[in-house]
Amino acid sequence: MEKIRIIGSPEKPLRGKVTISGAKNAVLPAIAASLLTREKVHLTNIPLVKDVFTILTLMSELGAEYEINGNSLTIVTRDVIRHEASYQLVRAMRASILVLGPLLARHGQAVVALPGGCAIGSRPIDLHLHGLEKLGANFILEHGYIKAEAKKLRGTVIEFEKKTVGGTENLIMAATLAEGETILKNCAQEPEVADLCELLIKMGAKIDGVGEETIRIKGVSELGGTSHDIIPDRIEAGTFLVAGALTRGDIHLDQVRPDHMTTIIEKLRYSGAKIEEKEEGSLRVQGSEEIKPQDIVTSPYPGFPTDMQAQFMVLMTQANGTSIITETIFDRRFLHVNELLRLGANIEVHGDKAIIKGKTPLSGAETTATDLRASACLILAGLIAKGETIINDIEHLDRGYERIEEKLKQLGASIERISTEKENKK
Ligand code: UD1
């Protein structure tokens, strides 16, 4: 077991340069998409995070062979030898259900464990299943597993009742090999969905409306191999922008896509931070002494991302006045609040709203990370909290951030990873 230890201070600006990794939420569907072809798919700019290794374990079980070289991955599934995503893997990473669409399209069968509840509220997969059913798949639920089969998927019109990133991705992948045309309406428009479409187009898919709410897919009989560069992680970049604003620092971010981060940048500028696009693919953030409070409502892209909500909450604890954050995507996504209270924050939760009263000085404490973005939020809080902050359960952090403690250290933070064993021996 490992922990993060931070010695924080309200007067320790982070300064320097940081390189942003490839997007976790783009690489996971890209890896799942490689199941749609017998040929090699070569992905560059992959982040070396735990979720990537989890999906690669699943892919190996299904018959894939892969090789990682630095931040490049070559993966090939000549034959699908199994078609099951086990409960252990789906429980470790919900995105494992992304193999459902590709398996059905290529192999005609799939068995996937139902994800069940997770730390940030119940996250059903009804919209994935409903869409695949409309394409011609049949499902039965047995012993906690969805058993799916489809002799042939057939294109049709599907309108998502609610925007779903994973659901849109699963349906796009399935439709690429379906017979005829599929029209998907009310699609999630996240850059990661568009990146998946770009990859599929390179593999030979016929997709119109990339990045739009309505996507049209003309099924083809087979897809081929290709190479694709994964887009930068806008949430990791956003986390470092908040770190710059929060510590009144001066940070240069390399390998970013500011056009994917418009709402995040807008909100940070409103809070008082100075953000400039230096040259293509790079951003500079300079924090200001005075942080302005503001209200934020999370919503599907291009709205404010739920994955940045926890990090922004820390910034709002340092704003001069009251801010309200409304979480509309996931229920129970305020678990980090209790941890922030332990550091001295003044936050009240009423249903889907968190009311943050600033400015409150934070003081270091022992905390526990409850999910991926909550871990990032605790790290940010630890940077400005006086004294020592310990963050337990950092396996959540490792799921989605590549070497975050090393990157922060380079910027001047006093942060280290310690193993519990080492601690016990003290
Ligand atoms: C993805 C991201 C996650 C992000 C989330 C929302 C990945 C690997 N993960 O998760 O980091 O926080 O988008 O931006 O890309 N829903 C249903 N039925 C379904 C599917 C979803 O009701 O069948 C609901 C969910 O409970 C949630 C909302 O739709 O309230 C959005 O979820 P969705 O966009 O599907 O999230 P994920 O794809 O799981």
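The preceding data block contains the structure.
Residues numbered from 1 in each chain as written. Predicted model: local features only at pLDDT ≥ 70, side-chain atom pairs only at ≥ 80, totals over all residues. Heavy atoms only, no water.

**Student:** Which parts of the structure should I look at to understand helix 10 (residues 309–317)?
**Tutor:** For an α-helix, the turn length of 3.6 residues means that residues three or four places apart are oriented alike. Of all 9 residues that make up helix 10, 9 are buried, and the element is covered over most of its length. Gln 309, Ala 310, Gln 311, Phe 312, Met 313, Val 314, Leu 315, Met 316 and Thr 317 are the residues of helix 10 that are buried. (Buried < 20%, exposed > 50% of the residue type's maximum accessible area, 1.4 Å probe, protein only. Helix = DSSP H or I, 4+ residues; strand = E, 2+ residues; numbered from the N terminus.)

**Student:** Is there a simple way to think about the side chain of Thr 176 in this case?
**Tutor:** Secondary-structure assignment places Thr 176 in helix 6 (residues 165–176). Engagement of the side chain of Thr 176 in a polar contact is seen with the backbone oxygen of Met 173, the distance being 2.6 Å. With residues near it in sequence (within four places) discarded, Thr 176 still touches Leu 36, Leu 200, Ala 205, Ile 207, Ile 217, Lys 218, Gly 219, Val 220 and Leu 223. (Polar contact = N/O pair within 3.5 Å; in protein donor to acceptor, adjacent residues only side chain to side chain. Contact = heavy atoms within 4.5 Å.)

**Student:** Looking at this structure, how should I read the packing of helix 10 against helix 11 (residues 335–342)?
**Tutor:** Each pair of packed helices can be summarised by the angle the axes make with each other and by the distance between the axes. The contact between helix 10 and helix 11 brings their axes to 10 Å, and the two run at 30 degrees. The angle between helix 10 and helix 11 falls in the class roughly parallel. Taken as a pair, helix 10 and helix 11 cross one another with a handedness that is right-handed. When helix 10 is examined against helix 11, the residues Gln 309, Ala 310, Met 313 and Val 314 are found in contact with a partner set consisting of His 336, Val 337 and Leu 340. For the contact of helix 10 with helix 11, the per-class residue count stands at 5 nonpolar, 2 polar and no charged. (Axes fitted to C-alpha atoms, helices over the stretch in contact; angles between N-to-C directions. Parallel < 35°, antiparallel > 145°, perpendicular 65-115°, else oblique. Left-handed = near helix turned anticlockwise from the far one by under 90°. Nonpolar A, V, L, I, M, F, W, Y, C, P; charged D, E, K, R; others polar.)

**Student:** How should I be thinking about the nonpolar core in this particular structure?
**Tutor:** Most often, soluble globular proteins keep nonpolar side chains buried together rather than apart. Counting residues in hydrophobic clusters, the biggest one holds 76 residues, and the most contacted among them are Ile 31, Leu 43 and Leu 200. Among the elements that line this core, the one with the most residues is helix 1 (residues 24–33), at 7 residues. If you look at the next biggest cluster of nonpolar residues, it comprises 66 residues, including Ala 237, Ile 265, Ala 273 and Val 285. (Core = buried A, V, L, I, M, F, W, Y, C linked by side-chain atoms within 4.5 Å.)

**Student:** Explain the pattern of salt bridges here, please?
**Tutor:** For side chains of opposite charge, pairing can occur when their charged atoms come near one another. Across all of its chains, the model carries 22 salt bridges by this definition. In this structure, the salt-bridge partner of Arg 82 is Glu 84, at a minimum N-O distance of 3.9 Å. Overall, Arg 82 belongs to the partly exposed group, its relative accessible area being 35%. Notably, a salt bridge pairs Arg 417 with Glu 405, separated by 2.8 Å at the nearest N-O pair. Of this pair, Arg 417 sits in strand 26 (residues 414–419) while Glu 405 sits in helix 14 (residues 404–410), and the two are 12 residues apart along the sequence. Judged by its relative accessible area of 25%, Arg 417 is partly exposed. Overall, the relative accessible area of 10% leaves Glu 405 in the buried class. (Salt bridge = Lys/Arg side-chain N within 4 Å of Asp/Glu carboxyl O.)

**Student:** Any chance you could explain the packing of aromatic side chains here in plain terms?
**Tutor:** Each pair of aromatic rings is reported with the distance of its centres and the angle of its planes. Tallying each qualifying case throughout the model produces 1 aromatic pair. Over the face of the ring belonging to Tyr 270 we find Lys 292, whose NZ or CZ atom lies 4.4 Å from the ring centre. (Phe/Tyr/Trp six-rings, centres within 6.5 Å; stacked < 30°, edge-to-face > 60°. Lys NZ or Arg CZ within 6 Å of the ring centre and 35° of its normal.)

**Student:** For this particular structure, what's the right way to read the site of the ligand?
**Tutor:** Around the ligand, the structure places 20 residues, and the nearest of them are Asp 126, Leu 127, Thr 164, Asp 307 and Ile 329. Within the side chain of Asn 25, one N or O atom sits 3.0 Å away from an oxygen atom of the ligand. Ile 329 has a polar backbone atom sitting 2.5 Å from an oxygen atom of the ligand. For the ligand, the accessible surface in isolation is 740 Å², of which the surrounding protein chains cover 88%. Where the shell around the ligand is concerned, the elements lending two or more residues are helix 5 (126–134) and helix 6. Top contributing element to the shell around the ligand by residue count: helix 5, with 3 residues. (Near = heavy atom within 4 Å. Areas by Shrake-Rupley, 256 points an atom, 1.4 Å probe, with all protein chains shown as cover.)

**Student:** Quick question: what am I supposed to make of unusual backbone geometry here?
**Tutor:** The general pattern is negative phi for most residues beyond glycine and trans for most peptide bonds. Here Tyr 301 and Pro 302 are connected by a cis peptide whose omega angle stands at 10 degrees. Secondary-structure assignment places Pro 302 in the loop between strand 20 (296–297) and helix 10. Note that the residue after Gly 358, namely Lys 359, is joined by a cis bond; omega there is -5 degrees. Considering the arrangement of structural elements, one finds Lys 359 in the loop between strand 23 (353–357) and strand 24 (366–368). With a phi angle near 60 degrees, Asn 186 is a residue other than glycine that sits in the positive phi range. Considering the arrangement of structural elements, one finds Asn 186 in the loop between strand 13 (181–185) and helix 7 (191–202).

**Student:** Quick question: what am I supposed to make of the sheet that holds strand 16 (residues 226–229) here?
**Tutor:** The strands making up a sheet associate through backbone hydrogen bonding, with each pair oriented either parallel or antiparallel. The sheet built from 4 strands is open, its strands ordered 4-5-3-16 with mixed pairing. Looking at the sheet topology across the chains shown, the edges are occupied by strand 4 (65–69) and strand 16. When strand polarity is set aside, the average angle formed by the axes of neighbouring strands in this sheet is 15 degrees. Note that strand 4 and strand 5 (residues 72–76) share 5 bridges and pair antiparallel. Across the sheet, the residue bridging to Ile 68 is Leu 73, located in strand 5. (Pairing = 2+ DSSP bridges.)

**Student:** Please clarify how the sheet that holds strand 6 (residues 84–85) should be interpreted in this entry.
**Tutor:** Spatial strand order, 6-7-11-10: 4 strands in an open sheet with mixed pairing. Looking at the sheet topology across the chains shown, the edges are occupied by strand 6 and strand 10 (138–142). Where strand 6 meets strand 7 (residues 109–113), 2 bridges bridge the pair, whose relative direction is parallel. Looking across to strand 7, one finds that Ala 85 is bridged to Val 112. Here helix 4 (residues 100–107) sits on the sheet in contact with strand 7, strand 10 and strand 11 (145–149), set at roughly 160 degrees to strand 7.

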